Amino acid sequence: MAGTDVTTAEDRAVVQALRTFKRQADDCVAALYAYLTIHTVAGASRPIREHVNENALFWNIALHALQSALILALGRVFEHNTPHNIHTFMQVTSDNRIAFLRVALGRRKAAIFDRDPEGLKSYIREARSPRPGDFSRVAARVREHRKAYLASYRVLRHHVFAHTLTTDPDEIADLFSKTNIRQLQRMTTYLGTLHDAFWEAFHNGGRLTLRRRRHSVARMLRRPKVGRW
């Protein structure tokens, strides 16, 4: 039940922060998983692998573009010198946590229950709100992911992708050797779950529950197919 009547400054600040952060999270996830899917599908199929090798220049350019898009997108999220980043998102949601209270949720949902005031009372009575400890817990996890970004990806962004500060192949290879694909998968999928947790708490009520997402492309591709496009 996502329909809401956004009327206060606090509501508007949270909605704008959610929209902006979703775009940033989606940019990271799209770049990483497009890159991984190409590698996974090519690795699992000999005909596809041969086709990729026959057109190696094109695919190398595409993969490099996806690498660049990912690292630059991560920089927009985790760097603090950008106007919209994960620190800004956390600050806005924390500063406007009044928008997550049940009374605020009830005000936003009032139009939906216009002819059912008792239904609104029941809905709000059963709804939950994030606690101060929820914001602190999530913020601590965000700091862990930012620390990982600073340790392994910031220098790669500055020296290779955003600026050409390092050109020696061995030095570049050394920078890439400090990255970890599983860490990247956890980091990027976390951004999506972070957004979804705040979105759900704001629009439908609830604690800040971050549900883990699948992050293995191979496992995703093995999932049973339901229906067809």
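For the structure given in this document, a descriptive report is provided here. (Residues numbered from 1 in each chain as written. Predicted model: local features only at pLDDT ≥ 70, side-chain atom pairs only at ≥ 80, totals over all residues. Heavy atoms only, no water.)

### Notes on the packing of aromatic side chains
So, step 1. Within this structure, the stated rule accounts for ten aromatic pairs.
So, step 2. Seen from their ring centres, Phe89 and Phe198 are 5.3 Å apart, and the 85 degrees between their planes marks the pair as edge-to-face. Within this pair, whereas Phe89 is found in helix H4 (residues 86-95), its partner Phe198 is found in helix H10 (residues 181-204), the two being separated by 109 residues in sequence.
So, step 3. Judged by relative accessible area, Phe89 falls into the buried class, the value being 2%.
So, step 4. A relative accessible area of 1% means that Phe198 is categorised as buried.
So, step 5. Their ring planes at 55 degrees and their centres at 6.0 Å tell us that Phe135 and Phe198 sit as a pair that is tilted. Highlighted residues: Phe135 in helix H7 (residues 132-152) and Phe198 in helix H10, separated in sequence by 63 residues.
So, step 6. According to the relative accessible area criterion, Phe135 is buried, its value standing at 6%.
So, step 7. One aromatic cluster in this structure is built from Phe21, Phe89, Phe100, Phe135, Phe198 and Phe202. (Phe/Tyr/Trp six-rings, centres within 6.5 Å; stacked < 30°, edge-to-face > 60°. Helix = DSSP H or I, 4+ residues; strand = E, 2+ residues; numbered from the N terminus. Buried < 20%, exposed > 50% of the residue type's maximum accessible area, 1.4 Å probe, protein only.)

### A short note on the nonpolar core
So, step 1. In terms of nonpolar packing, the biggest core is built from 44 residues, with Leu74, Leu191, Leu194 and Phe198 touching the most fellow members.
So, step 2. At the level of secondary structure, the elements contributing two or more residues to this core comprise helix H1 (9-44), helix H3 (56-78), H4, H7, helix H8 (154-161) and H10.
So, step 3. No other element matches H1, which puts 13 residues into this core.
So, step 4. Not counting the four nearest positions on each side in its chain, Leu74 is found in contact with Cys28, Glu79, Tyr149, Leu184, Met187, Thr188 and Leu191. (Core = buried A, V, L, I, M, F, W, Y, C linked by side-chain atoms within 4.5 Å. Contact = heavy atoms within 4.5 Å.)

### A look at the side chain of Thr188
So, step 1. Looking at the element boundaries, Thr188 is found in helix H10.
So, step 2. Among the polar contacts made by the side chain of Thr188, one reaches the main-chain carbonyl oxygen of Gln185 at a distance of 3.2 Å.
So, step 3. Beyond its immediate chain neighbours, meaning those up to four positions away, Thr188 contacts Cys28, Val29, Leu32, Tyr33, Leu70 and Leu74. (Polar contact = N/O pair within 3.5 Å; in protein donor to acceptor, adjacent residues only side chain to side chain.)

### Thoughts on the environment of Arg115
So, step 1. Structurally, Arg115 is set in the loop between helix H5 (102-109) and helix H6 (117-126).
So, step 2. Considering only alpha carbons, one finds Arg115 and Asn96, 19 residues apart in sequence, at a separation of 29 Å.

Note that every value here comes from positions in space, so none of it alone points to a role or purpose.
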